[in-house]
Amino acid sequence: MTNLISGLANVMSAEIKNLDTIANNTANLNTPGFRTEYASLQNVDFLSQIQSTPANEYTPTGLSAIQSDKTAMVQRTIQQNDGGVKTTGVNTHMALRGEAWFVVEKNDQLYLTRNGMFKIDGEGNLKTTTGESVIGEKGPINNLSSDFKVASDGKISVGEKQVDQLMIVATTPRAKFTHLGNGLYQTSSFYEKAAPADYSVLSGVYETSNADTATDMIRLMQTTRHIETIQRSISAYDQLLNVGINQLGK
């Protein structure tokens, strides 16, 4: 019985983490290039046993037959569907279409981003708004003038001369991401150069968050109700346990 309560408590803890994920989506609704994150519960098979247990079997003996040796875990995934775009007319602002990522560098580490609100610093280097170097096929993109152009395949040219090409990568389908803020992501999964047919680059625009407020509101209500149900279940099972102890003591 106590194992069952412990298992339910683990599920409730996991659902609270799910609430944190939903709150993070809402907080980043206006973050350029933000990817909506979903959290799903794993290893909670015993919940289906609880739900299928008839009410008249909610006794210490009946509940003890439920297997509760699986611990709830949260699996986080991000949605890679395109967000909307906003036109700025600024040639350093770019947006990707398709499941691909820009690559940026900070402190000799590579990160991924969909936030294409880039800028040119005083030395002609292409940077993010927070100072990371935008990476091209030759390394950090530099020696740019204000009249540079970006083609739909990521080729960068100044006048009639191609000077570099944006490094644009695709990740594995099961890649796990860590959001570092400001639209930056880190992944330990393998990723490779994306094929031009799989993406396109838009210039003079930037991508908005792909968060869906309506979907997150539904998830918020469902998760909240689930937590409330688990709380009631834990209370009921605790009471049954007390009854069982008192009966054994007679």
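Reading the values: the criteria
Residues numbered from 1 in each chain as written. Predicted model: local features only at pLDDT ≥ 70, side-chain atom pairs only at ≥ 80, totals over all residues. Heavy atoms only, no water. Core = buried A, V, L, I, M, F, W, Y, C linked by side-chain atoms within 4.5 Å. Buried < 20%, exposed > 50% of the residue type's maximum accessible area, 1.4 Å probe, protein only. Helix = DSSP H or I, 4+ residues; strand = E, 2+ residues; numbered from the N terminus. Contact = heavy atoms within 4.5 Å. Phe/Tyr/Trp six-rings, centres within 6.5 Å; stacked < 30°, edge-to-face > 60°. Salt bridge = Lys/Arg side-chain N within 4 Å of Asp/Glu carboxyl O.

Sorry if this is basic, but what is going on with the nonpolar core here?
The biggest cluster of nonpolar side chains holds 20 residues, and the ones touching the most others in it are M94, L126, L166, I168 and V201. For this core, the secondary-structure elements that each account for two or more residues are β4 (94-97) and β5 (101-106). If we skip the residues at most four places from it in the chain, I168 touches L96, A100, W101, E192, K193, A194, Y199 and V201. Counting residues in hydrophobic clusters, the runner-up holds 10 residues, among them I78, W101, V103 and Y185.

Looking at this structure, I do not really get the packing of aromatic side chains. What am I missing?
Following the criterion strictly, the structure yields 4 aromatic pairs and no others. For the ring pair W101 and F177, a centre distance of 5.2 Å and an interplane angle of 25° mean the geometry is stacked. Of the two residues, W101 is situated in strand β5 and F177 in strand β15 (residues 177-181); the sequence distance between them amounts to 76 residues. A centroid spacing of 5.1 Å and a plane angle of 75° characterise the contact between F102 and F118, whose relative ring orientation is edge-to-face. Taken together, the residues F102 in strand β5 and F118 in the loop between β6 (109-113) and β7 (119-120) connect sequence positions 16 residues apart. The burial state of F102 is the same as that of F118; both residues are buried. What links up through ring pairs into an aromatic cluster is the set W101, F177 and Y185.

Please explain the pattern of salt bridges as it appears in this structure.
Side chains bearing opposite charge may pair, as long as their charged atoms lie close to each other. Applying the stated criterion across every chain, the model contains 9 salt bridges. D82 is the salt-bridge partner of R97, the closest N and O atoms lying 3.9 Å from each other. Of this pair, R97 sits in strand β4 while D82 sits in the loop between β2 (73-78) and β3 (85-87), and the two are 15 residues apart along the sequence. Residue E137 is joined to K193 by a salt bridge in which the shortest nitrogen-to-oxygen separation is 2.6 Å. Of this pair, E137 sits in the loop between β9 (133-136) and β10 (139-140) while K193 is found in strand β17 (residues 191-193), placing the two residues 56 residues apart along the sequence.

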